[in-house]
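Letter by letter, the chains look like this.
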Amino acid sequence: MGTGTMVRAMLATAVGVASACGLVGCFGTGGKSARPTTPVHDREESRLPPIYPGTTVSIPPSTTPAGPASTIAGDGTYRVGVDIRPGTYRSQGSNACYWERLRGLGGTVEDIIANGAGTGPQVVQIAPTDVAFKTKRCPTWTPDSGASTSSTTTTTSTTSTTPVTLPEGAHACPATAGPAGGLSQSAVGSSATSCQFAEQVRLAYGASGPAGPSPRQVNAVSPVTGQSYTMTCSADGGLVVCSGGDNAVVYLY
């Protein structure tokens, strides 16, 4: 074979190899030894359910605060129009039930519009203009739209079924002890008298003997001032009226 013929044969072989490599990937860019191509995702698919046009989304309504209650349960001072509704209420009463209608929250006698105490059923009309209503040791108060009320404070003695009407301006006091001499309740008749002192007068008068129309003097110590005062007491019907001390007026029944 001549030299020219050999050169042409070698060139033909090289071209064939190159063509074959281009088809099968002799240098690792194709064929079985090539690394597989991994597709690249442009975005992460959302796992939330799709929202289609026209879809209605329900939003839970906000919780509305409860309004004033129509019943009064438990001891406490309740603000009218805030904690309780105005209106007429009834309680079955108890031997220590006591209530007050209040025009203020200063804790003074002047804040009391009307009050009451006694063992029988209690009825009170709370006006929209009242600031608050205070109750102690009374069963639950419930609405009583058919009840008739009076502006005069009345109460019932534990020794009699006859209601005792307190004079105008008097305020019943909560009992701090049991009956004494047949008298279970006391009331104050002046702004200079405290309920604590009225209760001491009741206990002192009851310990001195049965109630009677004849004037009788008793000495009682005021827990407020710490001083002893002399009170003159006499019964007027079912009510014992005591006066003395430093312009103190006390009613016992």
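First, a word on what this report is: a plain description of the structure on this page.

Cut-offs and rules
Residues numbered from 1 in each chain as written. Predicted model: local features only at pLDDT ≥ 70, side-chain atom pairs only at ≥ 80, totals over all residues. Heavy atoms only, no water. Helix = DSSP H or I, 4+ residues; strand = E, 2+ residues; numbered from the N terminus. Polar contact = N/O pair within 3.5 Å; in protein donor to acceptor, adjacent residues only side chain to side chain. Contact = heavy atoms within 4.5 Å. Pairing = 2+ DSSP bridges. Axes fitted to C-alpha atoms, helices over the stretch in contact; angles between N-to-C directions. Core = buried A, V, L, I, M, F, W, Y, C linked by side-chain atoms within 4.5 Å. Buried < 20%, exposed > 50% of the residue type's maximum accessible area, 1.4 Å probe, protein only. Disulfide = S-S within 2.5 Å. Phe/Tyr/Trp six-rings, centres within 6.5 Å; stacked < 30°, edge-to-face > 60°. Lys NZ or Arg CZ within 6 Å of the ring centre and 35° of its normal. Lys, Arg positive; Asp, Glu negative; His and termini not counted. Salt bridge = Lys/Arg side-chain N within 4 Å of Asp/Glu carboxyl O.

1. Some words on the side chain of Ser190
Mapped onto the fold, Ser190 is located in the loop between strand S11 (186-188) and helix H2 (195-207). A polar contact is formed between the side chain of Ser190 and the side chain of Thr193, at a distance of 2.8 Å. Residues contacting Ser190, with those up to four places away along its chain left out, are Asn247, Ala248 and Val249.

2. A look at the sheet that holds strand S14 (residues 239-244)
The strand order across the open sheet formed by 6 strands is S10-S11-S15-S14-S13-S12, and the pairing between neighbours is antiparallel. Two strands in the sheet have a free side with no partner beyond their single neighbour: strand S10 (171-173) and strand S12 (216-221). When the angles between neighbouring strand axes are averaged without regard to direction, this sheet yields 30°. Sheet analysis places strand S13 (residues 228-236) next to S14, joined by 6 bridges and oriented antiparallel. Looking at the pairing, Ser234 lines up with Val241 of S14. Sitting on the sheet, H2 is in contact with S10, S11, S12, S13, S14 and strand S15 (248-252), with an inclination near 135° to S12.

3. Re the sheet that holds strand S7 (residues 142-143)
If you walk across this open sheet you meet the 3 strands as S5-S2-S7, and the pairing is antiparallel. The open sheet has two free edges, formed respectively by strand S5 (122-126) and S7, since each of these has just one partner strand. Summarising the sheet, strand S2 (residues 87-91) and S5 pair through 5 bridges and their orientation is antiparallel. Directly across from Ser91, in S5, lies its bridge partner Gln122.

4. What about the nonpolar core?
In terms of nonpolar packing, the biggest core is built from 17 residues, with Phe197, Val201, Met231, Cys233, Cys242, Val250 and Leu252 touching the most fellow members. Top element by residues in this core is H2. It accounts for 4 residues. Every residue in contact with Cys233, bar those within four places of it in the chain, is listed here: Val201, Tyr205, Ser214, Pro215, Arg216, Val218, Val240, Val241 and Cys242.

5. Focus: the state of the cysteines
The full count for this structure, using the stated rule, is 3 disulfides. The partner cysteine of Cys97 in its disulfide is Cys138, sulfur to sulfur 2.0 Å. Since a negative S-S torsion denotes a left-handed disulfide, the Cys97-Cys138 link at about 95° is right-handed. Here Cys97 is found in the loop between S2 and strand S3 (98-102), whereas its partner Cys138 is found in the loop between strand S6 (132-136) and S7, with 41 residues between them in sequence. Note that Cys173 is cross-linked by a disulfide to Cys195, the S-S spacing being 2.2 Å. The sign of the -80° torsion about the S-S bond sets the Cys173-Cys195 disulfide as left-handed. Of this pair, Cys173 sits in strand S10 while Cys195 is found in helix H2, placing the two residues 22 residues apart along the sequence.

6. Some remarks on the packing of aromatic side chains
Scanning the model with the defined rule gives 3 aromatic pairs in all. On the numbers, 5.6 Å between centres and 80° between planes, the contact of Phe197 with Tyr229 is edge-to-face. Here Phe197, found in helix H2, pairs with Tyr229, found in strand S13; they are 32 residues apart in sequence, far enough to count as distant. By the burial criterion, Phe197 is buried, and Tyr229 matches it. Following the ring pairs from residue to residue traces out a cluster consisting of Trp99, Phe133 and Trp141. Positioned above the aromatic ring of Tyr205 is the side chain of Arg216, whose terminal nitrogen or guanidinium carbon lies 4.2 Å from the ring centre.

7. Some remarks on the side chain of Glu100
You can see Glu100 is positioned in strand S3. Look at Glu100: it is buried, it has no salt bridge, and the nearest opposite charge is Lys134 at 4.5 Å. Ignoring anything within four residues of it in the chain, the contact list for Glu100 reads Ile112, Ala114, Asn115, Ala132, Phe133 and Lys134.

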